[in-house]
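Residue-level structure breakdown
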Amino acid sequence: MPPILPDFSNSVKLKYVKLGYQYLVNHILTLLLIPVMAGIVLEVLRLGPEELINLWKSLHFDLVQILCSSFLIIFITTVYFMSKPRSIYLVDYACYKPPVTCRVPYSTFMEHSRLILKNNPKAVEFQMRILERSGLGEETCLPPAIHYIPPTPTMEDGRAEAQTVIFSAMDALFKKTGLKPKDIDILIVNCSLFSPTPSLSAMVINKYKLRSNIKSFNLSGMGCSAGLISIDLARDLLQVHPNSNAVVVSTEIITPNYYKGNERAMLLPNCLFRMGCAAILLSNRRSVRVRAKYRLVHVVRTHKGADDKAYRCVFEEEDKEGNVGISLSKDLMAIAGEALKSNITTIGPLVLPASEQLLFLMTLIGRKIFNLKWKPYIPDFKQAFEHFCIHAGGRAVIDELQKNLQLSAEHVEASRMALHRFGNTSSSSLWYELNYIEAKGRMKKGDRVWQIGFGSGFKCNSAVWKCNRTIKTPVDGPWEDSIDRYPVHIPEIVKL
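Here's a quick rundown of the structure. (Residues numbered from 1 in each chain as written. Predicted model: local features only at pLDDT ≥ 70, side-chain atom pairs only at ≥ 80, totals over all residues. Heavy atoms only, no water.)

1. Details of the overall build of the protein
Basically, it comes down to this: Strands are runs of DSSP state E lasting at least 2 residues, helices are runs of H or I lasting at least 4, and numbering of each runs from the N terminus. Each residue gets one of three labels from its accessible area relative to the maximum for its type: buried under 20%, exposed over 50%, partly exposed in between, using a 1.4 Å probe on protein chains only. Two residues qualify as a contact provided that any one of their heavy atoms is within 4.5 Å of a heavy atom in the partner residue. Throughout, the Shrake-Rupley method with a 1.4 Å probe supplies accessible areas, and for residues the shown protein chains are the sole cover considered. As used throughout, the charge tally considers Lys and Arg to be positive and Asp and Glu to be negative, leaving His and the chain termini uncounted. Note that the charge is assigned to NZ on lysines, CZ on arginines, CG on aspartates and CD on glutamates.
Within the protein one finds 17 helices and eleven strands. Each principal axis of the C-alpha distribution contributes one length, and for the protein these read about 100 × 85 × 45 Å. Across the 496 residues of the protein, 45% fall into the buried class. Relative to all contacts within the protein whose residues are 6 or more apart in sequence, the contacts with residues 24 or more apart total 80%. By element, 60% of the accessible surface of the protein is carried by carbon and sulfur atoms, the whole surface being about 26300 Å². Mean positive and mean negative side-chain charge positions of the protein (60 and 45 charges, respectively) differ by 2 Å.

Following this line, the structure appears as structure tokens:
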């Protein structure tokens, strides 16, 4: 028996139906106001000149009414502009590019592992399996002190690495922006594991002879998401200090934190973490509005530290032999997923178009109130952002977010390529990814960027930026000699 109704799944392109729905819901107010305004215009045109003059004369205004109305309008306008948050602009940023002498190819890393862990072949085999599946390439870099066999890092070596990466990034930022050290009003340095005295922020102040009244902060122990925490702190400070410049430095010092024991959970960071640093200039000055690259739109922070498992999933401790290292829990990805869920629940209403919010609300009502067996609706964040910078913490992190957010390979390309070229550079990884997008010439005026960072505690933080102008393809930076080779195919397993 032939079907009575046509098969709409074949006759109608559902893609265009969805696009039509999105356009209708997102522009519902405009579509409703158009006929109202058209009716008003037609009614005015229908009235003759004499009727319009009589209508105007029938409206009686005295001087007191005019003055009161004017005062009210001026008062409301003044309150609005005084209560409106200051716009925070990202003028420019610079990323540290390690020298080729610090490169650690697979063969070098594994040779060192076999020599250092010669009494524990199972640990060597474990590191090899991790490296094969890590997504890292042959050009990632470790600091000079880690190249010794065996590594014997000292406090002096740690300071030397900090000075190299931070001062290089700062010098590059000064060169790109024309900023002078005396023009810095706020300085924030974040480094999770290396926290010497005097602090790293004091080290920067001493190097560049910054002003004595500078507001400086040094954040430590906050993990790979500390970069966005620094951005949030800078935003809050710039809201209360007008006409100011803030410099944020995000890095992780590898030298004093290289694990020299045999515990598998602590050997994992040795395979993933590499050298990196970024320096970012933020400002609330109106004079930078035209030349600034981005405008900060939102920062959303989520902390799951109240849960014991989340608190201990990334934990610095000693092993049985007294070696200090970072232990990564097997529950890390599940905890990261829960933190992400909480974070997007907060950021979703701020960024998603009305069409996505309505679909999410309808699904939620159907599941919670009417007990319908519908699948949870995952909002399409591709409607809210053109670019995604996911913390390059490892291949599993990027895979999980791509799956959960239903992103395409192009959306996570910057994260995968940054992980391949530079490794996990901790809090600075988001800026290597952003620079990759710029180096590919993909950043246009009006584009929206979502940066997502994860860190110990456990934290998931998000920052939303809007591109202020079309970004010209940079001729310098960390990708200058390799961008033409990317993207590259990264196999699931690289046989060593």
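2. Here's the deal with unusual backbone geometry
Peptide bonds are trans in most cases, and residues, glycine excluded, mostly fall at negative phi. Gly-457 connects to Phe-458 through a cis peptide bond whose omega is 10°. Among the structural elements, Phe-458 can be located in the loop between β10 (448-455) and β11 (459-467). In this model, Tyr-486 is joined to Pro-487 through a cis peptide bond whose omega is 5°. Following the sequence through the fold, Pro-487 ends up in the segment after β11. Of note in the backbone geometry, Lys-209 takes a positive phi value of approximately 55° without being a glycine. Here Lys-209 is to be found in the loop between α9 (200-208) and β3 (215-219). Residue classification places Lys-209 among the exposed positions, given a relative accessible area of 61%.

3. Some points on the pattern of salt bridges
Keep this limit in mind: Criterion for a salt bridge: a side-chain nitrogen of Lys or Arg within 4 Å of a carboxyl oxygen of Asp or Glu.
The full count for this structure, using the stated rule, is 19 salt bridges. Of the charged contacts, one joins Glu-317 and Arg-312 as a salt bridge, the two residues approaching to 3.7 Å between their closest N and O atoms. Judged by its relative accessible area of 27%, Glu-317 falls in the partly exposed class. Residues participating in the shared-partner salt-bridge network are Asp-92, Lys-176, Lys-293 and Glu-438.

4. Some remarks on the side chain of Gln-451
The line we're drawing: Residues adjacent in sequence count toward polar contacts only when both atoms are side-chain atoms; beyond that, a polar contact is any pair of N or O atoms within 3.5 Å, and within protein one must be able to donate a hydrogen and the other to accept it.
Along the chain, Gln-451 turns up in strand β10. There is a polar contact of 2.8 Å between the side chain of Gln-451 and the side chain of Trp-465.

5. Considering the pairing of strand β1 (residues 89-95)
We count it as follows: For two strands to be treated as a pair, DSSP must find no fewer than two bridges joining them.
Most of β1 is tucked away, with seven of its seven residues classed as buried. Bridge analysis of β1 against strand β5 (residues 277-283) gives six bridges, and the strand direction is antiparallel. Each residue of the ladder has a partner; that of Asp-92, found in β5, is Leu-281. Here two bridges tie β1 to strand β6 (residues 294-303), and the two strands are oriented antiparallel to one another.

6. Digging into the sheet that holds β6
Selection rule: Axis geometry follows a simple rule: fit a line to the C-alpha atoms, using only the stretch in contact for helices, then measure angles between N-to-C directions, giving values from 0 to 180 degrees.
If you walk across this open sheet you meet the nine strands as β3-β2-β4-β5-β1-β6-β11-β10-β9, and the pairing is mixed. Two strands in the sheet have a free side with no partner beyond their single neighbour: β3 and β9 (387-390). The mean angle between the axes of side-by-side strands here comes to 20°, regardless of whether they run parallel or antiparallel. Sheet analysis places strand β2 (residues 186-190) next to β3, joined by five bridges and oriented parallel. Across the sheet, residue Asn-190 finds its bridge partner in β3, namely Leu-219.

7. Structural notes on helix α13 (residues 332-351)
To be explicit about the condition: What a helix should span is 1.5 Å times the count of its residues minus one. Throughout, the bend at a residue refers to the angle made by two axes, fitted to the seven residues ending there and to the seven starting there.
Given a rise of 1.5 Å per residue, 20 residues ought to cover 28 Å, and the 27 Å separating the end C-alpha atoms of α13 matches this to within 8%. Within α13, the axis deviates most sharply at Thr-345, by approximately 30°, and proline Pro-349 lies no more than four positions further along. Of the residues making up α13, those classed as buried are Ile-335, Ala-336, Ala-339, Leu-340, Asn-343, Ile-344, Ile-347, Gly-348 and Val-351.

8. Observations regarding α9
Restricting attention to buried positions, one finds in α9 the residues Leu-200, Ser-201, Met-203, Val-204, Ile-205 and Tyr-208. Elements that come into contact with the buried residues of α9 comprise α8 (155-177), β2 and β3. Positive backbone phi, approximately 55°, marks Lys-209, located one or two places after α9.

9. Quick word on the packing of α8 against α9
Which entries qualify depends on this criterion: When describing relative orientation, an angle under 35 degrees is termed roughly parallel and one over 145 degrees roughly antiparallel, while 65 to 115 degrees is termed roughly perpendicular and anything else oblique. The crossing is said to be left-handed when, going from far helix to near helix, the turn is anticlockwise and less than a right angle, and right-handed when the turn is clockwise. Residue polarity is assigned by list, with Asp, Glu, Lys and Arg as charged and Ala, Val, Leu, Ile, Met, Phe, Trp, Tyr, Cys and Pro as nonpolar; anything else, Gly included, falls into the polar class.
Their axes nearest at 11 Å, the elements α8 and α9 cross at an angle of 55°. Between α8 and α9, the angle is such that the two are oblique. Considering how the two elements wind past one another, α8 and α9 form a crossing that is right-handed. Packed against α8, whose contacting residues are Ala-162, Gln-163, Ile-166, Phe-167, Met-170, Asp-171 and Phe-174, the element α9 presents Leu-200, Met-203, Val-204, Lys-207 and Tyr-208 at the interface. When grouped by side-chain class, the residues that make up the contact of α8 with α9 number nine nonpolar, one polar and two charged.

10. Focus: the packing of helix α16 (residues 413-422) against helix α17 (residues 429-439)
Running from N to C, α16 and α17 point in directions that differ by 115°, and their axes come no closer than 9 Å. Between α16 and α17, the crossing angle belongs to the class labelled roughly perpendicular. For the pair α16 and α17, the sense of crossing is right-handed. Residue-level contacts link Glu-413, Ala-414, Ser-415, Met-417, Ala-418 and Phe-422 of α16 to Tyr-432, Glu-433, Tyr-436 and Ile-437 of α17.

11. Remarks on the packing of aromatic side chains
Going by this rule: Two aromatic rings, drawn from Phe, Tyr or Trp (for Trp, its six-membered ring), form a pair once their centres lie within 6.5 Å of each other, and the interplanar angle then sorts them: stacked below 30 degrees, edge-to-face above 60, tilted otherwise. Charge-over-ring placement is defined geometrically: NZ (Lys) or CZ (Arg) within 6 Å of the ring centre, and within 35 degrees of the ring normal.
Per the stated rule, a full pass over the model turns up 15 aromatic pairs. Here the aromatic rings of Phe-167 and Tyr-208 are separated by 5.8 Å at their centres, their planes lie at 85°, and the arrangement is edge-to-face. Note that Phe-167 is positioned in helix α8 and Tyr-208 in helix α9, a separation of 41 residues in sequence. Like Phe-167, the residue Tyr-208 is buried in the burial classification. Aromatic side chains Phe-385 and Phe-388 sit 5.9 Å apart centroid to centroid with 75° between the ring planes, which places their arrangement in the edge-to-face category. Each member of the pair Phe-385 and Phe-388 is classed as buried. Put simply, the rings of Phe-422, Tyr-432, Tyr-436, Trp-479 and Tyr-486 pair up and form one aromatic cluster. Here the basic side chain of Arg-312 rests over the ring of Phe-315, its NZ or CZ set 4.0 Å away from the ring centre. Positioned over the ring face of Phe-422 is Arg-421, at 4.5 Å from the centre of the ring.

Shape is all these values report; function is a separate question.
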